[in-house]
Structures are given as C-alpha cells and as structure tokens.
Amino acid sequence: MDLKVLGLLAVQERGTPIVPTAASARQLLALLAAHADRIVPTAVLTQELWPDGAPRYAQDIIETHVRQLRELIDDALDVGREGAAGLSSAPGPRTARDVVVSLAGGYRLGTGGGTSDVRMFQRAVGAGYRAMELEDYRTAAERLGEALQLWTADAYTGVVTGPHLRAHGARLELSRLRALDLWVEAQRRLGRRHELYTGLSVFLSRFRSSPPQYAALVAELERGTDQGHAGRSYEQAPTFRIGSVRHSLRHSIPTRHPLPVAG
C-alpha cells in the first residue's frame, strides 16, 4: 500500500486508488494512514469523527465505513491479482482484512511495506539536517529540497479534519517550515540567488498561507535588487545556528506520538 498525505490524500493498493468518496469514510482512512501499521483505538476514531459528542450508533457507523473501505480494497486486490497472474514471483494472497485489521479496541492499517511520503520526507529532512551540521551546504540544499518537493499542498487537503488529524497536520507543517528555513539558509550559504528565487516561488505557491518574511524575500529577488538588500530582507526570517541543528532535528521531524487509549 502506498500512502500520500502531504497534499491531497492518496492511498493506493497495488496501484489502484482506494480513497472513499464519502467525507467521513475518507476522514477515517486519513487517520488510519496517519498512524499506519499501528492500532488506532476506536475511541480515537470516535473523537476524530464526532469531536462534539458521538451519536448513539457511532460504533455501527465506524464499522460501516470500515466495511466500505474493505470493499474498495478487495476490488483493488482483485485487479492486482489479475495483473500478477502467471508470474511466479507474485506475492501470496492478501485480503482486505489483512489491510484494515480489526483488533481488540481498534483498527490498524497494514501497509505491507509500501511507500509513505511522510517517511520519505522524514528521511530526506534528517539527511539534510545532518549535512547542515557538517556544513555540507550543497548536500543539505539537495536533500532538503527533495523533502520539500514531496509537498504538493497542505497536508490532508480535501479531508475533513477533527482534533487528531489537525494535531498531526500541525506537526507536519511545523516540520515543513523548519525544513524550509534550513533550505533557504543552505542556498544563501552557497550564494544561489536564482535557485533561491525559483525554489521559494514554487514552494510557497502550493500553500494557502506562507511565512510573510519569505514572501517578502521572493518579492525582493523578483525585483532584482542587489544581493545585499535581499540579504537584509532575509535577516528578518527565522534562521538556525548550525550548532542548534541537532536540537532542531529532534523537534522538527514528526515522531510517532502514542495515541490515547480509552479507559
């Protein structure tokens, strides 16, 4: 299973999209994807879908969403099996219940070792931070740029978000902004004025709101002001001292926060 949440929610099983059209079912899938391969307690799903209080038949509604999701997955698995027919290396049978697993007190989305844009972002950002510590600005700019390119819009675009998804999205956004800070710093250290302008223009255009200091920097660069003036605009932007990057790394990359358990 392949997961993308850094923009429009996209979940595929063997290349076939399985995102439901119903808003609440899509929201449930998004929360399972946010905590892929870990159990999400039913109480957490309930809080996400009904933050102001669950209806009397909340459990039945959740089970209906899960059943609908499994039907989509079954269809995707059938397509995958047809495509793999006759191949000796084809994987063993995988069922919808292997993907959305019912466990005591909750559900788990099993990715089967598929891809995740969040994990790719975390790895690229971590490599970029380590390169900054070593003052290898070329590598830092490359890896941080790779991380930022994974974002196509705000996280969970197109999904109704409750308290748990909003919290996860906020952690991702904080990590993105800190990666952007260091990417700008690396480009400045390398004297790459053109790359700074084009990259920032692209990165900032993908989001509903952007840090005003970077919008001002893009405007300065676009007007072709002298580099010293553009540099003064940048000085208003938040920067990290190289010695503080290790601290930033611990607090910038979203980690797997434990989910509350009912009780």
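Right, let's walk through the structure included here. Computed from a prediction, not measured in an experiment: that's the story for all the values here.

Topic: the nonpolar core
Turning to step 1, where the next piece is worked out: The biggest cluster of nonpolar side chains holds 64 residues, and the ones touching the most others in it are Leu 109, Tyr 156, Leu 180, Trp 183 and Leu 200.
Turning to step 2, where the next piece is worked out: The biggest single contributor to this core is helix H7 (residues 163-190), with eight residues.
Turning to step 3, where the next piece is worked out: Apart from residues no more than four positions distant in its own chain, Trp 183 is found in contact with Ala 141, Leu 144, Gly 145, Leu 148, Glu 195, Leu 196, Gly 199, Leu 200 and Phe 203.

Thoughts on the packing of aromatic side chains
Turning to step 1, where the next piece is worked out: Using the criterion set out here, one finds three aromatic pairs in the structure.
Turning to step 2, where the next piece is worked out: Ring geometry for Trp 183 and Phe 203: centres 5.1 Å apart, planes at 75°, overall edge-to-face. Here Trp 183 is found in helix H7, whereas its partner Phe 203 is found in helix H8 (residues 193-205), with 20 residues between them in sequence. For the pair shown, Trp 183 and Phe 203 are each scored as buried.
Turning to step 3, where the next piece is worked out: Of the aromatic side chains, those joined through ring pairs into one cluster are Phe 121, Trp 151 and Phe 207.
Turning to step 4, where the next piece is worked out: Its guanidinium or amino end placed over the ring of Trp 151, Arg 176 lies 5.6 Å from that ring's centre, counting from NZ or CZ.
Turning to step 5, where the next piece is worked out: One residue, Arg 176, lies across the ring of Phe 207, its end atom 3.6 Å from the ring centre.

Some points on the sheet that holds strand E6 (residues 106-109)
Turning to step 1, where the next piece is worked out: Sheet architecture is open: three strands sit in the order E4-E6-E5, paired in antiparallel fashion. Two strands in the sheet have a free side with no partner beyond their single neighbour: strand E4 (39-41) and strand E5 (100-103). Sheet twist, expressed as the average angle between the axes of neighbouring strands with direction ignored, equals 30°.
Turning to step 2, where the next piece is worked out: Its contacts with the sheet place helix H2 (residues 42-49) against E4 and E6, and it is angled at close to 65° to E4.

Comments concerning the pairing of strand E2 (residues 10-13)
Turning to step 1, where the next piece is worked out: Burial along E2 is one-sided: Val 11 and Glu 13 are buried, while Ala 10 and Gln 12, pointing the other way, are not.
Turning to step 2, where the next piece is worked out: Note that strand E1 (residues 2-4) and E2 share three bridges and pair antiparallel. Bridge pairing in E2 links Asp 2 to Gln 12.
Turning to step 3, where the next piece is worked out: Where E1 folds back onto E2 in an antiparallel hairpin, the turn is made up of five residues, including Gly 7, whose phi is positive at roughly 140°.
Turning to step 4, where the next piece is worked out: The sheet contact formed by E2 and strand E3 (residues 16-17) spans two bridges and is antiparallel.

Some thoughts on the pattern of salt bridges
Side chains that differ in sign of charge can pair as their charged atoms come close.
Turning to step 1, where the next piece is worked out: Scanning the entire structure with this criterion turns up five salt bridges.
Turning to step 2, where the next piece is worked out: Between Arg 208 and Asp 154 there is a salt bridge, with the nearest N and O atoms lying 3.4 Å from each other. Residue Arg 208 is located in the loop between H8 and helix H9 (212-222), and its partner Asp 154 is located in the loop between helix H6 (137-149) and H7; the two are separated by 54 residues in the primary sequence.
Turning to step 3, where the next piece is worked out: The class of Arg 208 is exposed, set by a relative accessible area of 74%.
Turning to step 4, where the next piece is worked out: You can call Asp 154 buried: its relative accessible area is 13%.
Turning to step 5, where the next piece is worked out: Here Glu 173 and Arg 176 are joined by a salt bridge, their closest N and O atoms 2.7 Å apart. On the criterion of helical spacing, the pair formed by Glu 173 and Arg 176 is a turn pair, its members being three residues apart in helix H7.
Turning to step 6, where the next piece is worked out: In this structure Arg 176 comes out as buried when scored by relative accessible area, which is 3%.
Turning to step 7, where the next piece is worked out: Via salt bridges that share partners, Glu 185, Arg 188 and Arg 189 belong to a single interconnected network.

A word on the pairing of E5
Turning to step 1, where the next piece is worked out: For E5 and E6, the ladder comprises four bridges, and the chain directions are antiparallel. Of the residues in E6, the one forming a bridge with Val 100 is Leu 109.
Turning to step 2, where the next piece is worked out: Where E5 folds back onto E6 in an antiparallel hairpin, the turn is made up of two residues, including Gly 105, whose phi is positive at roughly 85°.

Section: the environment of Arg 189
Turning to step 1, where the next piece is worked out: Within the secondary structure layout, Arg 189 lies in helix H7.
Turning to step 2, where the next piece is worked out: Given a relative accessible area of 45%, Arg 189 falls into the partly exposed group.
Turning to step 3, where the next piece is worked out: With 54 residues separating them in the primary sequence, Arg 189 and Glu 135 have C-alpha atoms 9.4 Å apart.
Turning to step 4, where the next piece is worked out: At 2.8 Å, the side chain of Arg 189 and the side chain of Glu 185 are in polar contact.

What counts and how
Residues numbered from 1 in each chain as written. Predicted model: local features only at pLDDT ≥ 70, side-chain atom pairs only at ≥ 80, totals over all residues. Heavy atoms only, no water. Core = buried A, V, L, I, M, F, W, Y, C linked by side-chain atoms within 4.5 Å. Buried < 20%, exposed > 50% of the residue type's maximum accessible area, 1.4 Å probe, protein only. Helix = DSSP H or I, 4+ residues; strand = E, 2+ residues; numbered from the N terminus. Contact = heavy atoms within 4.5 Å. Phe/Tyr/Trp six-rings, centres within 6.5 Å; stacked < 30°, edge-to-face > 60°. Lys NZ or Arg CZ within 6 Å of the ring centre and 35° of its normal. Pairing = 2+ DSSP bridges. Axes fitted to C-alpha atoms, helices over the stretch in contact; angles between N-to-C directions. Salt bridge = Lys/Arg side-chain N within 4 Å of Asp/Glu carboxyl O. Polar contact = N/O pair within 3.5 Å; in protein donor to acceptor, adjacent residues only side chain to side chain.

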